[in-house]
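Reading the structure
One-letter residues, chain by chain:
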Amino acid sequence: MRRFELILIAALMILVVFIGAVLLRSGYFQSSDQAKDPEARIAAVPEVLTANSAYDKAHARAQRWAKDAEMITAQATWQVVPEFEYNEASWGFVFYSESESSTALISVTESGAGLLDTNGTNRQLNPADLTGWQVDSPQMIETMMNSGGRPFLDRLGEATLVLTLDAAEKPVWKAKLFHEVSGETLSVEADPALGEITSVEQTQ
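Residues numbered from 1 in each chain as written. Predicted model: local features only at pLDDT ≥ 70, side-chain atom pairs only at ≥ 80, totals over all residues. Heavy atoms only, no water.

1. Here's the deal with the overall build of the chain
Along its length, the chain carries 5 helices and 8 strands. Starting at the N terminus and ending at the C terminus, the chain contains elements arranged as α-α-α-α-β-β-β-β-α-β-β-β-β. Within the chain, the fraction of its 204 residues that count as buried is 33%. When the accessible surface of the chain is split by element, carbon and sulfur atoms take 53% of a total near 12700 Å². (Helix = DSSP H or I, 4+ residues; strand = E, 2+ residues; numbered from the N terminus. Buried < 20%, exposed > 50% of the residue type's maximum accessible area, 1.4 Å probe, protein only. Areas by Shrake-Rupley, 256 points an atom, 1.4 Å probe, with all protein chains shown as cover.)

Structure (structure tokens):
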């Protein structure tokens, strides 16, 4: 083999190695593997702000306001249609501090948590223990959809969805669909620990 051909082959091999290194560094091979593996694709989807992840941010902010701050409620609102899929939402949290004799309203978005307002109260509140909280907001919405939510939206179209984690006494998930034109509502309540439905109510 001629010297020129050897040099050419060596140059091509160096080029192939270089291109492979660039593609590997850019994540090309990882993307290809994800395309073949559905679970890898799901894992690669950026996480959206759920009640659980928003709570972590809100609790950290509340602790800077008062060390004994405990959550009373968490709430988010969406405009939903029959093809609704869980997406980003802003969460509003109310925390109570016995030492401050006050409640604090904290807003959480993708960019962080902010203290919006505080209000003094003469009532001594008893926030529930959230250590058993297992069911996150996407699962609660799916529970509501499977408990009459999809037929409600198929029949009436776009509606407002209000999702609340009430921890004022015993923790309970509350999902409510409201159709502004007809005034019809669908309310579903479930246990945040096990996801068991405790109440379904529809008004016309």
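2. Focus: the pattern of salt bridges
Throughout the structure, instances matching the rule amount to 3 salt bridges. Its salt-bridge partner being arginine 155, residue glutamate 184 comes within 2.8 Å of it at the nearest N-O pair. Separated by 29 residues along the polypeptide, glutamate 184 in the loop between β6 (172–178) and β7 (185–190) and arginine 155 in helix α5 (residues 137–156) bring together distant segments of the chain. With a relative accessible area of 46%, arginine 155 lands in the partly exposed category. A salt bridge links aspartate 166 to lysine 174; its shortest N-O distance comes to 3.2 Å. The class for aspartate 166 is buried, based on a relative accessible area of 17%. (Salt bridge = Lys/Arg side-chain N within 4 Å of Asp/Glu carboxyl O.)

3. Here we look at the sheet that holds strand β4 (residues 112–120)
In spatial order, the strands read β4-β3-β2-β1-β5-β6-β7-β8; together these 8 strands make up an open sheet with antiparallel pairing. With partners counted over all chains shown, the strands left at the sheet margins are β4 and β8 (197–203), one partner each. Along the sheet, successive strands turn relative to each other by an average axial angle of 15°, direction set aside. As paired elements, strand β2 (residues 91–97) and strand β3 (residues 102–109) share 7 bridges and run antiparallel to each other. From the neighbouring strand, tyrosine 96 faces β3, where its bridge partner is threonine 103. Contacts between helix α4 (residues 51–65) and the sheet are confined to β1 (70–80), β2, β3, β4 and β6, with β2 contributing the most and set at about 40° to the helix. On top of the sheet, α5 reaches β1, β2, β5 (159–166), β6, β7 and β8; it is set at about 155° to β7, its chief contact. (Pairing = 2+ DSSP bridges. Axes fitted to C-alpha atoms, helices over the stretch in contact; angles between N-to-C directions. Contact = heavy atoms within 4.5 Å.)

4. What about the packing of aromatic side chains?
What describes a pair of aromatic rings is the distance from one ring centre to the other and the angle between the planes of the rings. Applying the stated criterion to the full structure yields 9 aromatic pairs. Ring geometry for tyrosine 55 and phenylalanine 93: centres 6.4 Å apart, planes at 50°, overall tilted. Linking tyrosine 55 in helix α4 with phenylalanine 93 in strand β2, this pair joins segments that are 38 residues apart in sequence. Accessibility assignment for this pair places tyrosine 55 and phenylalanine 93 in one class, buried. One aromatic cluster is present, built from ring pairs that chain together Tyr55, Trp78, Phe84, Tyr86, Trp91, Phe93, Phe95, Trp133 and Trp173. (Phe/Tyr/Trp six-rings, centres within 6.5 Å; stacked < 30°, edge-to-face > 60°.)

5. A few points about α5
With 20 residues, α5 ought to run about 28 Å at 1.5 Å a step, yet its terminal C-alpha atoms sit only 23 Å apart, falling short of that. Along α5, the largest kink reaches about 70° and is centred on asparagine 146. Ser137, Met140, Ile141, Thr143, Met144, Met145, Ser147, Gly149, Phe152, Leu153 and Leu156 are the residues of α5 that are buried. One or two residues past the end of α5 sits glycine 157, with phi positive at roughly 85°. (Expected span 1.5 Å × (residues − 1). Bend = angle between axes of the 7 residues up to and from the residue.)

6. Brief notes about the side chain of threonine 103
Mapped onto the elements of the fold, threonine 103 is located in strand β3. Note on threonine 103: relative accessible area 18%, which makes it buried. What threonine 103 contacts, discounting residues up to four positions off in sequence, is Trp65, Val94, Phe95, Tyr96, Asp117, Thr118, Asn119 and Leu125.

7. Considerations on the nonpolar core
Counting 44 residues, the largest nonpolar core has Met71, Trp78, Trp91, Phe93, Phe95, Trp173 and Leu177 as its most contacted members. Among the elements that make up this core, the one with the highest residue count is α5 (7 residues). In contact with methionine 71, not counting residues within four places along its chain, are Tyr55, Phe93, Val94, Phe95, Pro127, Leu130, Leu165 and Ala167. (Core = buried A, V, L, I, M, F, W, Y, C linked by side-chain atoms within 4.5 Å.)

8. What about the pairing of β7?
Across 6 bridges, the pairing between β6 and β7 is antiparallel. The partner of lysine 174 across the bridge, within β7, is glutamate 189. Where β7 folds back onto β8 in an antiparallel hairpin, the turn is made up of 6 residues, including glycine 195, whose phi is positive at roughly 80°.

This is a description of form; function is not addressed.
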